[in-house]
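Chain by chain, the residues run as shown.
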Amino acid sequence: MMYTDVVLEKGGGIDPGTYARKNGKGIRKIMDEKLEQIKHTQGYTSDTELTVAELKTLVNEYKKTVKKVLVIEFPEDPWEQLW
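Note that the structure is predicted; figures quoted are calculated from it, not measured. (Residues numbered from 1 in each chain as written. Predicted model: local features only at pLDDT ≥ 70, side-chain atom pairs only at ≥ 80, totals over all residues. Heavy atoms only, no water.)

## Things to note about the nonpolar core
Of all hydrophobic cores here, the largest spans 13 residues; its most connected members are Leu50 and Leu58. Broken down by secondary-structure element, the contributors of at least two residues to this core are α3 (27–42) and α4 (52–70). If near-sequence neighbours (up to four positions away) are discounted, Leu58 is found in contact with Lys34, Leu35, Ile38 and Leu50. (Core = buried A, V, L, I, M, F, W, Y, C linked by side-chain atoms within 4.5 Å. Buried < 20%, exposed > 50% of the residue type's maximum accessible area, 1.4 Å probe, protein only. Helix = DSSP H or I, 4+ residues; strand = E, 2+ residues; numbered from the N terminus. Contact = heavy atoms within 4.5 Å.)

In structure tokens form, the structure reads like this:
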């Protein structure tokens, strides 16, 4: 979540307010809510309780969210993530 918020959005010069003004939430809040929804549904109190399958699903949801909100693909290459 932090990489998306700080590097892709703010570091990429994307105005976080545009989507937030339209939908009332920034990218970090949207992603945090997705995590909290899984935890609530499963009755978890900690992030560490998520299963591998749930984490994989969450990552896919995060990637879709980045594409929808920031209109960019989440970089898969770790070297690209480092710039």
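## What to know about the side chain of Thr65
The residue Thr65 is located in helix α4 in this model. Judged by its relative accessible area of 6%, Thr65 falls in the buried class. Excluding its chain neighbours within four sequence positions, the residues that come into contact with Thr65 are Ile27, Ile30, Met31, Lys34 and Leu70.

## Topic: α4
In a regular helix each residue adds 1.5 Å, so 19 residues correspond to 27 Å; α4 covers 26 Å between its end C-alpha atoms and thus fits that length. Within α4, burial applies to Glu54, Leu58, Tyr62, Thr65, Val66, Val69 and Leu70. The buried residues of α4 occupy one face: seen down the axis, they fall within an arc of 115 degrees. Every exposed residue of α4 that faces more than 90 degrees away from the buried side is listed here: Val52, Ala53, Lys56, Lys64 and Lys68. Residue Val71 follows α4 closely and has a positive phi angle near 60 degrees. (Expected span 1.5 Å × (residues − 1). Arc of directions from axis to C-beta.)

## So, the confidence of the model for the protein chain
Taken residue by residue, the protein chain gives an average pLDDT of 84. The fraction at 70 or more is 77%. When mean pLDDT is taken per element in the protein chain, α3 scores highest with 93 and helix α2 (residues 16–23) scores lowest with 65. (pLDDT = per-residue confidence, 0-100.)

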